[in-house]
Amino acid sequence: MSRSIIQDGKYCYLGSSETTLDKHHIFNGALRKKSEKYGLWVYIGHYSHLYAHQRDTDVLIELKKIGQKAFEEKYGHEMFMREFHKNYLDDEDKEAFFDIGKDVFLS
Ligand SMILES: [Zn+2]
């Protein structure tokens, strides 16, 4: 298993206090393997994770932005585009919020 490049330690990235943690791959579907390879995943409490997938698209998009930012700090933008094909960051996000953490998600 790769190390997450987004999160250090095992806790719910969205700030829940759930003890059952799922591993959420930031880019899923066809890109899941690449997410794993590059450490683009975070732990999320099981129910928060289900909720995010079922109802809360915004959280998933925020996580993609955070993932892209983390990747680009390591490998650069061109490689991100080569591997993941889509830019999730717009100008507003350039100041980005790398370890944005729970405050933003839960407010
Ligand atoms: Zn997930």
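See above for the structure.
This section reports on the structure supplied with the text. (Residues numbered from 1 in each chain as written. Predicted model: local features only at pLDDT ≥ 70, side-chain atom pairs only at ≥ 80, totals over all residues.)

## Describing the overall build of the chain
Point 1. Per the secondary structure count, the chain includes five helices and two strands.
Point 2. Counting from the amino terminus, helix and strand elements in the chain follow one another as β-α-β-α-α-α-α.
Point 3. Taken across its 107 residues, the chain has 27% of its residues classed as buried.
Point 4. Put simply, 66% of the contacts in the chain that link residues at least 6 apart link residues at least 24 apart. (Helix = DSSP H or I, 4+ residues; strand = E, 2+ residues; numbered from the N terminus. Buried ≥ 20, exposed ≤ 12 C-beta atoms within 10 Å, placed from the backbone. Contact = placed C-beta atoms within 7 Å.)

## Focus: helix H3 (residues 57-75)
Point 1. Spanning 19 residues, H3 covers 26 Å between terminal C-alpha atoms, matching the ideal 27 Å at 1.5 Å per step.
Point 2. The first or second residue beyond H3 is Gly76, which carries a positive phi of 90°. (Expected span 1.5 Å × (residues − 1).)

## Topic: the environment of Phe80
Point 1. Following the sequence through the fold, Phe80 ends up in helix H4 (residues 77-84).
Point 2. Residue class for Phe80 comes out buried when judged on the 21 C-beta atoms lying within 10 Å of it.
Point 3. Linking Phe80 and Gln68, residues 12 residues apart in sequence, is a C-alpha distance of 7.1 Å.
Point 4. If we skip the residues at most four places from it in the chain, Phe80 touches Gln68, Phe71, Glu72 and Tyr75.

## Comments concerning the packing of H3 against H4
Point 1. Contact geometry of H3 with H4 gives a least axis separation of 7 Å together with a crossing angle of 125°. With respect to H4, the axis of H3 lies oblique. In this structure, H3 crosses over H4, and the sense of that crossing is right-handed. Residue-level contacts link Gln68, Phe71, Glu72 and Tyr75 of H3 to His77, Met79 and Phe80 of H4.
Point 2. Tallied by class, the residues present in the contact of H3 with H4 amount to four nonpolar, two polar and one charged. (Axes fitted to C-alpha atoms, helices over the stretch in contact; angles between N-to-C directions. Parallel < 35°, antiparallel > 145°, perpendicular 65-115°, else oblique. Left-handed = near helix turned anticlockwise from the far one by under 90°. Nonpolar A, V, L, I, M, F, W, Y, C, P; charged D, E, K, R; others polar.)

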